[in-house]
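# Residue-level structural notes
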Amino acid sequence: MANASWFTDFYIPLHQSFPVSAKAKRERKMKFLTFLRDWTLPVSISFGAVVYLVFGLTPQLSGVAEACAPVFDAILPLFMFLILFVTFCKVDFRKLLPVGWHLWTGIFQILFVLIIVGVILVFHITGSNLVLLEALLTCIICPCATAAAVVTQKLGGNLEEMTTYTFFSNFVTALLIPICFPLIDKAVDMDFLSAFLLILYKVCLVLVLPMVLSYFVKHYLRSLNRWIVGVKDLSYYLWGCSLTIVTGTTVKNIVHADTTAGFLLLIALLGLLLCIVQFAVGRYIGHFFDRTIESGQALGQKNTAFAIWIAYTYLTPLSSVGPGCYILWQNLINSIELWQERKKNGA
């Protein structure tokens, strides 16, 4: 009877506690949504990596992975377009003016490019060492990320100054690539004018078109603009979705890279070092103008999708692993910065 009494006193109350009240369910749901909101970037990266590994490395699912690959490649530019469109709907176009930190951040980008190109030319770098330097070069020469304005805004930075620098950075990149790439790789057959115009064309599709559309919506479809602006962090979550796709592509490139694991690790570690240096130098420049957030994001957060494209198009394809790893590092830094901002605000 003692055992029966113990069972009655312990098991039945425990069993009765299993049903969850509606309030408890709502609390759990809110905690889950809060977690996703606070850690959107790491969740997006992890989800993209896991999904690719499951579908790409499981023979039974390889057909599905191959069928989905072109779909994701097609919708990624759409996500980038929507991110910028939503962001530009919040921009005051009268404030899109150049400021002091734009010039100095651009100068340091050019200086970093010249250092890498100079090392390649002076020391006649070839082989695997050339691939390493090309991987770093693509992470420097590529423009500021289109999503940098999204993070800047969440960190409390100036959206208009960041948007202006994004255009400036793309123009600098369009000038540097046709000059530098033929110097470091003689096999690159690149006419300056045609390459410059091709890059500007891509810039117009990615930057100018969403800006023109957002300007029209902002001034002529004001109810729609108010609805877009009223959806909190919409561009941030769109960026999270695009980051999932880019991460999956990055993992795919790493898995199928025709080299050793040690060499891939070396590229990844150098990419991490470069990422830290660019963010640090950017923030150092910014502190002279009281714009550490903006300048740090401008120099440190790169359009790695563009960098992967130029590596595949003009340089050694293996060098695309560099910007592929860089996107993981820059979003790790972004996640830390966002966590620090929430902690500072007590959120």
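In this report, the structure presented in the accompanying data block is examined. Predicted, not measured: the structure shown is a model, and the values here were computed from it.

As enumerated under the stated definition, the model contains twelve aromatic pairs in all. Measuring from centroid to centroid gives 6.2 Å for F181 and Y314, while their planes differ by 65°, and the two rings are edge-to-face. A residue pair is termed long-range when its members are at least 10 positions apart, and F181 in helix α8 (residues 159-184) and Y314 in helix α14 (residues 304-314) qualify at 133 residues. Here Y314 falls in the buried class, since its relative accessible area comes to 13%. Both rings, one in Y284 and one in F288, keep their centres 5.2 Å apart while their planes meet at 90°; by these two values the pair is edge-to-face.

What follows is about the nonpolar core. Among the nonpolar cores identified, the biggest contains 54 residues, and V113, L137, I141, I177 and F181 are the most heavily contacted of them. Top contributing element to this core by residue count: α8, with ten residues. When near neighbours in sequence (up to four residues on either side) are disregarded, V113 contacts L137, I140, I141, L176 and C180. Residues A147, I228, L238 and I245 belong to the second largest nonpolar core, which totals 23 residues.

Here Q297 lies in helix α13 (residues 292-300). By relative accessible area, Q297 is classed as buried at 1%. For Q297, the residues in contact, after removing those within four places along its chain, are C144, A148, V151, T152, L155, M162, F279, N334 and E337.

With that out of the way, let us pick up the environment of V203. Take V203: it is sitting in helix α9 (residues 192-220). Note on V203: relative accessible area 10%, which makes it buried. Each C-alpha atom, one on V203 and one on V119, is 29 Å from the other, the two residues being 84 residues apart in sequence. In this structure V203 touches N170 and V208, once residues within four positions along its chain are discounted.

Our focus in this paragraph is the pattern of salt bridges. Opposite charge on two side chains makes pairing possible when the charged atoms of those side chains draw close. In the structure shown here, the tally under the stated rule is six salt bridges. For R283, the salt bridge identified is with E337, shortest N-O distance 3.3 Å. Here E337 lies in helix α15 (residues 321-345) and R283 lies in helix α12 (residues 261-286), a separation of 54 residues in the sequence. E294 is the salt-bridge partner of R291, the closest N and O atoms lying 3.8 Å from each other. Using a relative accessible area of 23% as the deciding quantity, one classes R291 as partly exposed. Among the residues examined, E294 registers a relative accessible area of 4% and is labelled buried.

Parameters at a glance
Residues numbered from 1 in each chain as written. Predicted model: local features only at pLDDT ≥ 70, side-chain atom pairs only at ≥ 80, totals over all residues. Heavy atoms only, no water. Phe/Tyr/Trp six-rings, centres within 6.5 Å; stacked < 30°, edge-to-face > 60°. Helix = DSSP H or I, 4+ residues; strand = E, 2+ residues; numbered from the N terminus. Buried < 20%, exposed > 50% of the residue type's maximum accessible area, 1.4 Å probe, protein only. Core = buried A, V, L, I, M, F, W, Y, C linked by side-chain atoms within 4.5 Å. Contact = heavy atoms within 4.5 Å. Salt bridge = Lys/Arg side-chain N within 4 Å of Asp/Glu carboxyl O.

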